[in-house]
Amino acid sequence: MEAQYKEICKKYHYKAKVFTKMKTDLDRKIGNPDLMILFTSTASHKMVRCAVAKAEGSRLVLKRSHSSSANALIHILEALA
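Below is a summary of the structure that appears in this document. Residue positions are given per chain, counting from 1 as you read along its sequence in written order. Only residues with pLDDT of 70 or above have their local features reported here, since the model is predicted, and side-chain atom pairs are shown and tallied only from 80 upward, although totals for entire chains, interfaces and linings are computed over all residues. Calculation of side-chain values draws on the structure's entire complement of heavy atoms; hydrogens and water are dropped beforehand.

## Side note on the pattern of salt bridges
Within this document, salt bridges are pairs made up of a side-chain nitrogen of Lys or Arg and a carboxyl oxygen of Asp or Glu, the two lying within 4 Å of each other. This model, assessed by the stated rule, comprises 2 salt bridges. Close ionic contact of R28 with D25 constitutes a salt bridge, the shortest N to O distance being 2.8 Å. Residue classification places D25 among the partly exposed residues on the basis of a relative accessible area of 40%. One salt bridge connects R59 with D34, and the closest N-O pair in it is separated by 3.3 Å. Highlighted residues: R59 in the loop between α3 (45-55) and β2 (61-65) and D34 in the loop between α2 (26-30) and β1 (35-39), separated in sequence by 25 residues. Residue classification places R59 among the exposed positions, given a relative accessible area of 71%. Burial classes: relative accessible area under 20% of the type maximum marks a residue as buried, over 50% as exposed, and values in between as partly exposed (1.4 Å probe, protein chains only). Strands here mean DSSP runs of E at least two residues long; helices mean DSSP runs of H or I at least four residues long; both are numbered from the N terminus.

Pasting the structure below:
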């Protein structure tokens, strides 16, 4: 799915970083994106808390989707266009 997510984002002119598991120093590895999409059904609570904390107090747009399907990603990206 990671490659598929990246390919979809590329079609919408977004550069994607995909994190499937909580990693050490995730907040630094995320960087300073303009948009973050959380697939809440597959992300751990700790990962979600880290992402939300990163988004608070910044201009980062945070979108959440319970479904982690390719169609859910496409729907989010089309809504932003």
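## Focus: the layout of surface pockets
Note on definitions: the grid is 1 Å and covers protein atoms alone; a cavity is a set of points where a 1.4 Å probe fits but cannot get out; a pocket is an open set with protein on both sides within 12 Å along at least five of seven lines; lining residues have an atom within 4 Å of a point. Grid points are joined across faces, edges and corners, and a volume is the space filled by probe spheres set on the points. The computed volume of the largest pocket comes to approximately 870 Å³. Every residue lining the largest pocket is counted, 29 residues in all, and those nearest its centre are K17, V18, F19, M36 and I37. Among the secondary structure elements, those contributing two or more residues to the lining of the largest pocket are α1 (2-11), α2, β1, α3 and α4 (70-80). It is β1 that provides the largest number of residues to the lining of the largest pocket, a total of 5 residues.

## Brief notes about the packing of aromatic side chains
We describe a pair of aromatic rings using the distance from one ring centre to the other and the angle between the two ring planes. For Phe, Tyr and Trp, rings pair up if their centres lie within 6.5 Å, where Trp contributes its six-membered ring, and each pair is then called stacked (planes under 30 degrees apart), edge-to-face (over 60) or tilted (otherwise). Counted by the stated rule, this structure contains 1 aromatic pair. With centroids separated by 5.1 Å and ring planes inclined at 25 degrees, the aromatic side chains of Y5 and F39 adopt a geometry described as stacked. Here Y5 is found in helix α1, whereas its partner F39 is found in strand β1, with 34 residues between them in sequence. Taken individually, Y5 and F39 each receive the classification buried, so the pair is uniform in this respect.

## Considerations on the environment of D25
Within the secondary structure, D25 is located in the loop between α1 and α2. Sequence separation between D25 and S69 is 44 residues, and the spatial gap between their C-alpha atoms is 26 Å.

## Considering the pairing of β1
Both β1 and β2 contribute to a ladder of 5 bridges, which runs parallel. In the strand pairing of β2, L35 is matched with V61. Following the chain from β1 across α3 to the adjacent parallel β2, one finds a crossover that is right-handed. DSSP calls a pair of strands paired once it identifies at least 2 bridges connecting them. A right-handed crossover is one whose linking path, passing over the helix from the first strand to the second, runs clockwise when the strands point away from the viewer.

## Looking at α1
Three or more residues of α1 are buried, namely Y5, I8 and C9. Summarising the axial view, the buried residues of α1 lie within an arc of 100 degrees, below the 170-degree limit, and thus occupy one face. Turned more than 90 degrees away from the buried face of α1 sit A3, K10 and K11, all of them exposed. Those residues of α1 hidden inside the fold are in contact with β1 and α4. Following α1 by one or two positions, H13 has its phi on the positive side, about 65 degrees. Each direction from the helix axis to a C-beta atom contributes to the arc, which is the arc of those directions. Working rule for contacts: check all heavy atoms of both residues, and any pair within 4.5 Å makes them a contact.

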